[in-house]
Amino acid sequence: MSADLKKSSSNGSEKSLINEEQQAKISEIRRLIGPLPEKLAIYCSDAAIARYLRARNWNVKKATKMLKETLKWRAEYKPEEIRWEEVAHEAETGKIYRSNYIDKHGRTVLVMRPSCQNSKSTKGQIRYLVYCMENAILNLPADQEQMVWLIDFNGFNLSHISLKVTRETAHVLQEHYPERLGVAILYNPPKFFEPFWTVTILIFVFYVLFFQEIKLSLRFLRMSLKIAQMIIYAQYTKIYLSV
């Protein structure tokens, strides 16, 4: 980590302390983007622009291009306007959902169960993913920008894999939700998953990791759910059930 990019970890929020040089870059991007309609301006706060800068190693030109593409995508795709009724059929099996618990830092936990895939529509799957991401972000506390993914591979097999969906998922998350993933926990991946991970899923994670510089914790947990929960509690996020 560079000397000028210090982070506060006292509350686990990992929020960057912006120095004068970085603040100047944020202001420069805001100038380059120009005036925006109110609906889009809310996605260009200092914290939001800083995430795009971090994703592009504080390169103003690259971060500006990335942010402009996201603003164009938001104006056309309108992710904030996706309603439950539109994606409810994709959610019927519980393949992705926001949990009713948070981790010790107050981060939203998205549970993903790829074996519960119930749709062959790439468009529908991506739209539901975006809906879940938007919902998870809305439920983050004010001092937190990142979330946790808990990916449960129980019952997973090769028939549940779509390279097209994986590629589109990587594109949407990397291009339009930079610096949003704090930690990903993989639970109980099948034995055959390791070589396939190398050629597919690892590409996706590396794609996100390389471009966004996210510190991901990825572990293969092959033990009972009870033991896995104990490890998650002790080593990862110390998940607490909310009451």
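Calculation rules
- Residues numbered from 1 in each chain as written.
- Predicted model: local features only at pLDDT ≥ 70, side-chain atom pairs only at ≥ 80, totals over all residues.
- Heavy atoms only, no water.
- Helix = DSSP H or I, 4+ residues; strand = E, 2+ residues; numbered from the N terminus.
- Expected span 1.5 Å × (residues − 1).
- Buried < 20%, exposed > 50% of the residue type's maximum accessible area, 1.4 Å probe, protein only.
- Core = buried A, V, L, I, M, F, W, Y, C linked by side-chain atoms within 4.5 Å.
- Contact = heavy atoms within 4.5 Å.
- Polar contact = N/O pair within 3.5 Å; in protein donor to acceptor, adjacent residues only side chain to side chain.
- Pairing = 2+ DSSP bridges.
- Right-handed = clockwise from strand over helix to strand, strands pointing away.
- pLDDT = per-residue confidence, 0-100.
- Salt bridge = Lys/Arg side-chain N within 4 Å of Asp/Glu carboxyl O.

For helix 6 (residues 122-138), built from 17 residues, the straight-helix expectation of 24 Å at 1.5 Å per residue is met to within 8% by its first-to-last C-alpha distance of 24 Å. Within helix 6, 14 of the 17 residues are buried, which leaves it mostly tucked inside the rest of the structure.

As a further point, take the nonpolar core. Counting 28 residues, the largest nonpolar core has Leu110, Met133, Trp149 and Tyr177 as its most contacted members. Of all the secondary-structure elements, those providing two or more residues to this core are helix 5 (84-91), strand 4 (108-112), helix 6, strand 5 (147-152), helix 7 (163-176) and strand 6 (181-187). Per-element accounting of this core gives the leading share, nine residues, to helix 6. Among residues more than four places away in sequence, those in contact with Leu110 are Ile96, Tyr97, Arg98, Cys132, Met133, Ala136, Met147, Val148, Trp149 and Leu150.

Right, let's get into the side chain of Glu175. If you trace the backbone, Glu175 turns up in helix 7. Its relative accessible area of 12% is what places Glu175 among the buried residues. At 3.4 Å, the side chain of Glu175 and the side chain of Gln174 are in polar contact.

With that out of the way, let us pick up the pairing of strand 5. Within strand 5, six of the six residues are buried, which leaves it mostly tucked inside the rest of the structure. Because side chains alternate across strand 5, one face comprises the buried residues Met147, Trp149 and Ile151, and the other comprises Val148, Leu150 and Asp152, equally buried. Where strand 4 meets strand 5, four bridges bridge the pair, whose relative direction is parallel. Paired with Val109 across the strands is Val148, a residue of strand 5. Between strand 4 and its parallel partner strand 5, the chain crosses via helix 6, and the hand of that crossover is right-handed. Of the pairings in the sheet, the one linking strand 5 to strand 6 comprises six bridges and is parallel in character. Along strand 6, the bridge assignment pairs Ile151 with Leu186.

For the protein chain, mean pLDDT is 79; residues scoring 70 or higher make up 71% of the total. Averaged pLDDT values for the elements of the protein chain fall to 36 in strand 8 (residues 240-241) and rise to 97 in helix 4 (residues 60-77). In the predicted structure, residues 1-14 sits below a pLDDT of 50 and forms 25 contacts with residues beyond four places in sequence or in another chain. Long-range and interchain partners of residues 212-243, a stretch whose pLDDT sits below 50, account for 83 contacts in this model, where long-range means more than four residues apart.

With that out of the way, let us pick up the pattern of salt bridges. According to the stated counting rule, one finds 13 salt bridges in the structure shown. Its salt-bridge partner being Arg30, residue Asp46 comes within 3.0 Å of it at the nearest N-O pair. With Asp46 in helix 3 (residues 46-55) and Arg30 in helix 1 (residues 20-33), this pair connects stretches of sequence that are 16 residues apart. Asp46 sits in the partly exposed class, given a relative accessible area of 34%. Between Arg107 and Asp103 there is a salt bridge, with the nearest N and O atoms lying 2.6 Å from each other.

To continue, consider the pairing of strand 3 (residues 96-102). Regular strands have side chains that alternate between both faces of the sheet. By the bridge criterion, four bridges tie strand 3 to strand 4 in an arrangement that is antiparallel. Within strand 4, the position partnered with Arg98 by the bridge is Leu110. Where strand 3 folds back on strand 4, the antiparallel hairpin that results is connected by five residues, among which Gly106 adopts a positive phi of roughly 85 degrees.

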